[in-house]
Amino acid sequence: MIAANKIEGFDRLQLTGLDGFLRNDTLVIRLGEVIVVGRSRTCDFSTRRSKRFLTAPAEEQRRILYDRKFNKVSRQHTRISFLARGQVEIRDISRNGTWVDGTRVDRLLLKGLDGLGVELRLADAERMRLRPLLTEAEETADEGMAEATTADEQSGLETIADD
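Residues numbered from 1 in each chain as written. Predicted model: local features only at pLDDT ≥ 70, side-chain atom pairs only at ≥ 80, totals over all residues. Heavy atoms only, no water.

Visitor: Go over the sheet that holds strand β2 (residues 26-30), please, and point to the residues and values.
Guide: Pairing in this open sheet of six strands is antiparallel, and the strands run β2-β1-β11-β10-β7-β8 from one edge to the other. Sheet topology places β2 and β8 (103-105) at the edges, where each strand pairs with a single neighbour. Shown here is a sheet whose adjacent strand axes are inclined to one another by a mean of 30 degrees, direction ignored. Bridging between strand β10 (residues 118-122) and strand β11 (residues 126-132) involves five bridges; their strand directions are antiparallel. Bridge pairing in β11 links Glu-119 to Arg-129. (Pairing = 2+ DSSP bridges. Helix = DSSP H or I, 4+ residues; strand = E, 2+ residues; numbered from the N terminus. Axes fitted to C-alpha atoms, helices over the stretch in contact; angles between N-to-C directions.)

Structure below.
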């Protein structure tokens, strides 16, 4: 298994819906911002303001509002705080649970993320990916580092940095 390269100095994050009402919706989070994800329209990333919900006919929207799965996401479910370069706090503020990469969390401090980021799940209704948003130059450099690491691991060589 190849160890992922942690990216420490990023200053933007991207939250992307993978499944549920937030599927294909995205939100950019900048350094120092605190966002709330949930069902309420007042949330920064809201199922009630999702493309899927807003483009549904009025009758379908009314039905959705009473749907059990839709209501498993709390009005204010998860808080994501971008504290410092490479440091992100994820806090569950609901009763229905927040999972990060399959593990239920109350509060989790992430220090550095790989290019893929982490998967968040709210209750069993919404799945999202939180990842560093890199500039094109940073993505190219990160891909080069990953390729070099892979080549070293395949050859059995260990890279030693000169001091």
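Visitor: Give me the environment of Glu-119: which residues, what numbers.
Guide: Of note, Glu-119 is situated in strand β10. For Glu-119, a relative accessible area of 22% translates into the label partly exposed. Along the sequence, Glu-119 and Arg-129 sit ten residues apart, while their C-alpha atoms lie 4.5 Å from each other. Not counting residues up to four positions away in its chain, the partners in contact with Glu-119 are Leu-18, Trp-99, Val-100, Asp-101, Arg-127, Met-128 and Arg-129. (Buried < 20%, exposed > 50% of the residue type's maximum accessible area, 1.4 Å probe, protein only. Contact = heavy atoms within 4.5 Å.)

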